[in-house]
Amino acid sequence: MKFSYCFSIPLLLLLCACSCSEPNYNYDNLIGKWYISYYPFYQSCDMGSWVKLDANGTCEALILCNDPNNMIQGTWSREGTKLILDCQLIEAMDKNCDITSLTETELKFNTNVYSIQAEIQLTK
């Protein structure tokens, strides 16, 4: 009986630590100009489209398929691993995004686009 308690308590703590911890992203990497490299509805006219996230919480985006002459402006913020974008990158995109990967040069997040769960990839 002693063996099972000695084994189960550390195992339980390890499982809780693994499932409850937030990823160790450097969120300073969010600041900068990100180019859209992929999303499920990607079109050739999207090549070169971008979003710029500023440290003061403002954002700008140029989505070439929507209107190559009209820059979109808005705000952005982060809550835990959620990225909240008020710059509409993609038509009908939910502004709440779940960050799935973040490095100095790559950002991936999941969001709903046209009510479909989609992963969007951006690169610097």
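See the structure shown above.
Calculation rules
Residues numbered from 1 in each chain as written. Predicted model: local features only at pLDDT ≥ 70, side-chain atom pairs only at ≥ 80, totals over all residues. Heavy atoms only, no water. Pairing = 2+ DSSP bridges. Helix = DSSP H or I, 4+ residues; strand = E, 2+ residues; numbered from the N terminus. Axes fitted to C-alpha atoms, helices over the stretch in contact; angles between N-to-C directions. Disulfide = S-S within 2.5 Å. Buried < 20%, exposed > 50% of the residue type's maximum accessible area, 1.4 Å probe, protein only. Salt bridge = Lys/Arg side-chain N within 4 Å of Asp/Glu carboxyl O. Phe/Tyr/Trp six-rings, centres within 6.5 Å; stacked < 30°, edge-to-face > 60°.

Q: What exactly am I supposed to notice about the sheet that holds strand β4 (residues 72-79) here?
A: Within a sheet, each strand pairs with its neighbour through backbone hydrogen bonds, oriented either parallel or antiparallel. With respect to topology, eight strands assemble into a closed barrel ordered β1-β2-β3-β4-β5-β6-β7-β8, the strand pairing being antiparallel. Across the sheet, the axes of successive neighbouring strands diverge by a mean angle of 35°, strand direction being ignored. As defined by bridge partners, strand β3 (residues 58-62) adjoins β4 across four bridges and the pair is classed as antiparallel. Its bridge partner lying in β4, E60 is registered against Q73.

Q: Is there a simple way to explain the state of the cysteines in this structure?
A: By definition, a disulfide links the sulfur atoms of two cysteine residues through a covalent bond. Overall, the coordinates contain two disulfides when judged by the stated rule. Between C45 and C65 runs a disulfide, and the two sulfur atoms are separated by 1.7 Å. Looking down the S-S bond of the C45 and C65 bridge, the torsion is 110°, so its handedness is right-handed. Taken together, the positions of C45 in the loop between β1 (32-38) and β2 (50-53) and C65 in the loop between β3 and β4 put the pair 20 residues apart, joining distant regions of the chain. Judged by relative accessible area, C45 falls into the partly exposed class, the value being 34%. Judged by its relative accessible area of 25%, C65 is partly exposed. With its sulfur 1.9 Å from that of its partner, C59 forms a disulfide with C87. Judged by the torsion about the S-S bond (115°), the C59/C87 disulfide is right-handed.

Q: I keep staring at the pattern of salt bridges and nothing clicks. Help me out?
A: Pairs may arise between side chains of opposite charge once their charged atoms sit close together. Under the criterion given, the structure shown has three salt bridges. The partner of K82 in a salt bridge is D98, with the nearest N and O atoms 2.6 Å apart. Of this pair, K82 sits in strand β5 (residues 82-85) while D98 is found in strand β6 (residues 96-102), placing the two residues 16 residues apart along the sequence. For the salt bridge of K95 with D86, the shortest nitrogen-to-oxygen distance reads 3.7 Å.

Q: Explain the packing of aromatic side chains to me, please; I cannot follow it from the model alone.
A: For any pair of aromatic rings, the description consists of the separation of the ring centres together with the inter-plane angle of the planes. Using the criterion set out here, one finds three aromatic pairs in the structure. Between Y39 and Y42 the ring centres are 6.0 Å apart and the planes differ by 75°, which places this aromatic pair in the edge-to-face class. The exposure class assigned to Y42 is partly exposed, which follows from its relative accessible area of 28%. Between F41 and Y114, the ring centres sit 5.3 Å apart and the planes meet at 85°, which makes this aromatic pair edge-to-face. Of this pair, F41 sits in the loop between β1 and β2 while Y114 sits in the loop between β7 (106-113) and β8 (116-123), and the two are 73 residues apart along the sequence.

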